[in-house]
Amino acid sequence: IMTAMFMGFWLAVFGTLVAQPFFLLVGILFVVALWMMDDTEPDYRAKITTLLVWYVVLEATWPSYVAVDIPGLPWLTPPRMLLAVMMFVVTLQLAQSARARGDLIEVCGAAKLALWFLGIFWATAFATCLISRTPSASFVMLVEWFLLWNMPFLVACLVFRDQDAFSRFVTALIWATA
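Per chain, residues are indexed from 1 in the order of the written sequence. This being a predicted model, a pLDDT of at least 70 is required before a residue's local features are given, and a value of 80 or more before pairs of side-chain atoms are given or counted; all residues contribute to the totals for chains, interfaces and linings. Values shown for side chains rest on all heavy atoms present in the structure; no hydrogens or waters enter the calculation.

Quick look at the layout of surface pockets now. A water-sized probe, rolled over the atoms, reveals where empty space remains. Taken as a whole, the second largest pocket spans an internal volume of roughly 190 Å³. Think of a 1 Å grid over just the protein atoms. A cavity is a set of points where a 1.4 Å probe fits yet cannot get out, a pocket is an open set with protein on both sides within 12 Å along at least five of seven lines, and lining residues have an atom within 4 Å of a point. Every residue lining the second largest pocket is listed: Tyr-55, Glu-59, Trp-62, Pro-63, Ser-64, Trp-75, Thr-77, Pro-79, Arg-80, Trp-145, Leu-148 and Trp-149. Helical segments are the DSSP runs of H or I of at least four residues, strand segments are the runs of E of at least two, and each set is numbered from the N terminus. Those elements that provide at least two residues to the lining of the second largest pocket are helix H3 (45-61), helix H4 (78-96) and helix H7 (135-159). Ranked by residues supplied to the lining of the second largest pocket, first place goes to H7 with three residues. Grid points are joined across faces, edges and corners, and a volume is the space filled by probe spheres set on the points.

Below is the structure:
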């Protein structure tokens, strides 16, 4: 309760320009809550597949310059808002399902060299944040781009194990770009 009061005061006085450190605190609390969840083996794969298809359709059709710009936050577009919902559902799936975690590790383990290069890329990006003129702003952008680039990739790895899901994805992509 004290954290919420403190955050509310600072956001009321300074607006969204100081919101990013508070989002980090909320994110840490969210990760702790996920870590404490039981493995109940829910199956959200149909929902995740639908969200991924709609995300790709929106990403292909929605112009990125049509967005809501709130100071201190990244541009809010329908694809990004849908990506946030998809990230939440995938995070719940991975936090509660050992089978889903195993499937994701198995799929990603098939291309170890590609993951190694991806790790080097992100380590280099993190290192450049440390030598930036504004490390905090650079780190926020790094986290934003990490989520925008890598989360759809991990979701696709999880979803495309099913051939029917891949067929629906290709059909929706062709429909969206036609």
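Before going further, it helps to spend a moment on the packing of aromatic side chains. In summary, the pairing rule links any two rings of Phe, Tyr or Trp, Trp by its six-membered ring, whose centres are within 6.5 Å, and it sorts them by plane angle into stacked for under 30 degrees, edge-to-face for over 60 and tilted for everything else. Tallying each qualifying case throughout the model produces 10 aromatic pairs. For the ring pair Phe-126 and Phe-139, a centre distance of 6.0 Å and an interplane angle of 80° mean the geometry is edge-to-face. Taken together, the positions of Phe-126 in helix H6 (residues 112-130) and Phe-139 in helix H7 put the pair 13 residues apart, joining distant regions of the chain. Think of it in three bands: with a 1.4 Å probe and only protein chains considered, a residue is buried below 20% of the maximum accessible area for its type, exposed above 50%, and partly exposed in between. The exposure class assigned to Phe-126 is partly exposed, which follows from its relative accessible area of 38%. We classify Phe-139 as partly exposed; its relative accessible area is 36%. Between Phe-160 and Phe-166, the aromatic rings sit 5.1 Å apart at their centres with planes inclined by 85°, giving edge-to-face as the arrangement. What makes Phe-160 partly exposed here is its relative accessible area of 26%. For Phe-166, a relative accessible area of 35% puts it in the partly exposed group. Members of the aromatic cluster, joined through ring pairs, are Phe-121, Trp-122, Trp-145, Phe-146 and Trp-149. A ring is considered to have a charge above it if a Lys NZ or an Arg CZ atom is located within 6 Å of its centre and within 35 degrees of its normal. A cation over a ring is seen here: Arg-80 above Trp-145, with NZ or CZ 5.9 Å from the ring centre.

This brings us to the pattern of salt bridges. Two side chains of opposite charge can pair, provided their charged atoms sit close to one another. The salt bridge definition used is simple: a Lys or Arg side-chain nitrogen within 4 Å of an Asp or Glu carboxyl oxygen. Scanning the entire structure with this criterion turns up seven salt bridges. Here Arg-99 makes a salt bridge to Asp-43, at a shortest N to O gap of 4.0 Å. On the criterion of sequence distance, the pair formed by Arg-99 in helix H5 (residues 98-109) and Asp-43 in the loop between helix H2 (19-35) and H3 is long-range, its members being 56 residues apart. Judged by its relative accessible area of 41%, Arg-99 is partly exposed. Arg-45 is the salt-bridge partner of Asp-103, the closest N and O atoms lying 2.6 Å from each other. With Asp-103 in helix H5 and Arg-45 in helix H3, the pair connects residues that are 58 residues apart, well separated along the chain.

Shape descriptors only; they carry no functional weight alone.
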